[in-house]
Amino acid sequence: MHTLINAEQDLPVKINFTAANANDMTFLKEINLDPGSFIVFDKGYVDYEQYQRLSTQKVFFVTRQRKRASYTLVSSSPILEKSRELGVLNDQIIVLGTRTHAKKIKLKARMVTFFDKQKERTFEFLTNNFELPAIQIADLYKKRWQIEILFKRVKQNFPLKYFLGDNVNAIKIQIWCAFIADLLLKLVQMQLKKKWAFSNLSSIIRLHLMSYINLFTFLNNPDKLSSARTTNQLVIGGLDVGSRN
C-alpha cells in the first residue's frame with residue numbers, strides 16, 4: 001500500500017494498492033503537487049526522471065541517496081561550526097546521471113551528509129532545494145517517520161492482523177474501512193478540547209458505539225456521562241428514528 005500523507009494534518013491524501021512485488025517507483029509518477037511544495041520519500045523511490053519532473057514543476061524533494069549511486073561532484077559549501085556540531089558533515093552540489101531506454105538524464109542536485117548522533121549512523125540526503133540550511137534538509141527528512149507512525153497506528157487500533165476474505169476485493173475493502181475509521185477518529189481527536197491519546201480514543205469509542213450520547217460532549221468530559229445525552233434526532237442510513245431525552 002503506497003501512501004502519501006499531509007505532514008501538517010497527519011492524514012493520508014492519496015493511497016494506492018499494488019502487488020507486493022510491484023516497483024515502488026510507479027507511485028511517484030502519480031503524485032502532482034503545487035509549486036513550492038516539499039515531498040519527502042525514502043530511497044525506494046529512486047527515479048531520476050521523476051526527480052527532473054518535480055524540479056520542472058518547482059516541487060522540492062528530499063530523499064536518501066542510494067549506495068553506489070553515480071554522480072559528479074561540482075562544488076562543496078563550507079560548513080559552519082554550529083551546523084557541524086548539529087551533525088552536518090558535508091553540503092555538496094552534484095550532478096546525477098543515468099541512462100534510460102529513451103534518453104540520458106543529467107540532474108543537478110544537492111547532497112547533504114549528516115551524522116545522526118543518536119543512531120550513530122551517517123546519512124546522505126538528496127534534494128533539489130539549494131536555499132535551505134543543510135540542517136533543515138536533514139530535519140525535513142525526519143518528517144518521513146510520520147508515515148511509519150500512521151501505519152503503526154492503523155495496525156494497532158484496527159483489525160488488520162487477519163483478513164475476513166482472501167480475494168483482492170475483500171482485502172482492499174477491509175483496509176479501506178480501517179483507513180476511513182482512522183480518518184474519522186483523527187478528525188474527532190483534532191476537534192476535542194480534551195487531549196486524548198489515539199489508542200485510548202479508539203478504545204473508548206469502540207466501547208460506546210451503541211450508546212446514545214453526544215460524542216463531543218462525552219469525550220470532552222467523560223466523567224459526566226449522564227449530561228452527555230442529546231435531544232437531537234438520530235439518523236441512520238437516511239432513516240429518521242425519532243428523538244430521545
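As shown above, the structure is provided for reference.
What counts and what doesn't
Residues numbered from 1 in each chain as written. Predicted model: local features only at pLDDT ≥ 70, side-chain atom pairs only at ≥ 80, totals over all residues. Heavy atoms only, no water. Patch = residues over 30% accessible without salt bridge, like charges linked within 9 Å, V, L, I, M, F, W, Y side chains within 5 Å. Areas by Shrake-Rupley, 256 points an atom, 1.4 Å probe, with all protein chains shown as cover. Salt bridge = Lys/Arg side-chain N within 4 Å of Asp/Glu carboxyl O. Helix = DSSP H or I, 4+ residues; strand = E, 2+ residues; numbered from the N terminus. Buried < 20%, exposed > 50% of the residue type's maximum accessible area, 1.4 Å probe, protein only. Pairing = 2+ DSSP bridges. Contact = heavy atoms within 4.5 Å.

Student: Is there a simple way to think about a nonpolar patch on the surface in this case?
Tutor: Side chains of Trp-176, Ile-180, Leu-183, Leu-184, Leu-187 and Met-190 sit close together on the surface and give an oily, nonpolar patch of about 550 Å² of accessible area. With respect to the helices, strands and loops of the structure, Leu-187 is situated in helix H6 (residues 168-191).

Student: Whenever I open this one, the pattern of salt bridges confuses me. Can you help?
Tutor: If the charged atoms of two oppositely charged side chains come close together, the side chains can form a pair. For the coordinates displayed, the defined rule picks out 8 salt bridges. Lys-186 is the partner of Asp-10 in a salt bridge, and the nearest nitrogen-oxygen pair spans 3.3 Å. With Asp-10 in the loop between strand S1 (2-6) and strand S2 (11-16) and Lys-186 in helix H6, the pair connects residues that are 176 residues apart, well separated along the chain. With respect to burial, Asp-10 and Lys-186 carry one shared label: buried. The partner of Glu-148 in a salt bridge is Arg-144, and the shortest N-O contact between them spans 3.4 Å. Judged by its relative accessible area of 31%, Glu-148 falls in the partly exposed class. A residue is classified by how much of its surface remains accessible, and Arg-144, at 18% relative accessible area, is buried. If you follow the salt bridges from partner to partner, you end up with Asp-10, Arg-153, Asp-182 and Lys-186 in one network.

Student: Honestly, the pairing of strand S7 (residues 104-116) in this entry has me stumped. Any pointers?
Tutor: Direction of pairing for S7 relative to strand S8 (residues 121-127): antiparallel, over a ladder of 7 bridges. By the bridge assignment for S8, Arg-110 is matched with Thr-127. Linking S7 to S8, which pair antiparallel, is a turn of 4 residues; within it Glu-120 sits at a positive phi near 55°.

Student: Is there a simple way to explain the side chain of Gln-50 in this structure?
Tutor: The residue Gln-50 is located in helix H2 (residues 48-56) in this model. Apart from the residues within four sequence positions on either side, Gln-50 is in contact with Leu-28 and Lys-29.

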